[in-house]
Amino acid sequence: MKKLKKINKGLILTILVLLVLTIYSINIEKQRKQDKTYIKEVCEEYIKTIDEALVLPEEMQDLKIEISKNKKDEYEKVVKDNLRKVMIDNDEVIQLTYDRLEDTIYNSESRITKSERKISKISSYEFDSNKVEVNLNAVVNTTTKYLNGNDEEESKTDSFVSNNDIIELQKIDGKWKVTYSNLQGIDWGMLKDTIEFAR
């Protein structure tokens, strides 16, 4: 009889632990499912911000006129302010992201006049506590103008499918914010290692 009571107590305790773990896992999955919708929206907003940053205002599009430092400084402020809306509140991360974009924005041989990246599929959400890595595919369309051999402006349109885009986010004060991205077609260089150090 005593042996049966000990077995029953152990069995009951095991069942309670399993029940608590199951409820916890179900709640985590529910929260992640809700978060995925919001995370996708943040990724789309971030991509839109990057697309807008890559296209200089019309008055800065002329390839034959050098852009003044004042104009560049004004544009840098606008881009950084827009990045702050979707990225973590860290000046170093914002600066590093802008520095990487700047290489593409101020290419001396061409200007991007249209940039559009649309998410076609999210391959995976890899959660790790309050962080997530989003692996996605996107369709990218860009129009670039350049000077031809006769010193006249011409445009060309490129389209490609990007199958390896990555956006990393972190949940801060209940909101998902971008901490890092690697989008094909933009020269991000060693940005991830540098941002990991800055966080």
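Structure: see above.
None of the values given here were measured: they were computed from a predicted structure.

Caption draft 1: Broad picture of the overall build of the chain. Regarding its fold elements, the chain presents four helices and four strands. Helices and strands in the chain line up, N terminus first, as α-α-α-β-β-β-β-α. Counting across all 199 residues of the chain, residues that qualify as buried make up 35%. For the chain, the proportion of contacts with a sequence separation of at least 24, taken over those separated by at least 6, is 60%. On the chain, roughly 12,600 Å² of surface is accessible, and the fraction owed to carbon and sulfur atoms is 51%.

Caption draft 2: Just the sheet that holds strand 1 (residues 110-128), in detail. Strand order in this open sheet of four strands is 1-2-3-4, and the pairing throughout is antiparallel. Each edge of the open sheet carries a strand with a single partner, namely strand 1 and strand 4 (175-182). Neighbouring strand axes in the sheet, compared pairwise and without regard to direction, differ in orientation by 25° on average. Pairing of strand 1 with strand 2 (residues 131-147), which is carried by 16 bridges, proceeds in the antiparallel orientation. Pairing of Ser110 across the sheet is with Tyr146, part of strand 2.

Caption draft 3: Spatial organisation of the layout of surface pockets. Quantified by volume, the largest pocket comes out at close to 250 Å³. In terms of residue count, strand 1 provides more of the lining of the largest pocket than any other element does, four residues in total. Residue classes in the lining of the largest pocket are distributed as five nonpolar, eight polar and three charged. Along the walls of the second largest pocket sit Glu44, Ile47, Lys48, Asp51, Glu52, Ser115, Glu116, Arg117, Lys118 and Ile119, which together make up its complete lining. Only helix 1 (2-54) and strand 1 provide two or more residues apiece to the lining of the second largest pocket.

Criteria and thresholds
- Residues numbered from 1 in each chain as written.
- Predicted model: local features only at pLDDT ≥ 70, side-chain atom pairs only at ≥ 80, totals over all residues.
- Heavy atoms only, no water.
- Helix = DSSP H or I, 4+ residues; strand = E, 2+ residues; numbered from the N terminus.
- Buried < 20%, exposed > 50% of the residue type's maximum accessible area, 1.4 Å probe, protein only.
- Contact = heavy atoms within 4.5 Å.
- Areas by Shrake-Rupley, 256 points an atom, 1.4 Å probe, with all protein chains shown as cover.
- Pairing = 2+ DSSP bridges.
- Axes fitted to C-alpha atoms, helices over the stretch in contact; angles between N-to-C directions.
- 1 Å grid on protein atoms, 1.4 Å probe; cavity = no way out; pocket = protein on both sides within 12 Å on 5 of 7 lines; lining within 4 Å.
- Points joined across faces, edges and corners; volume = space filled by probe spheres on them.
- Nonpolar A, V, L, I, M, F, W, Y, C, P; charged D, E, K, R; others polar.

Limitation: the analysis is restricted to geometry and does not speak to function.
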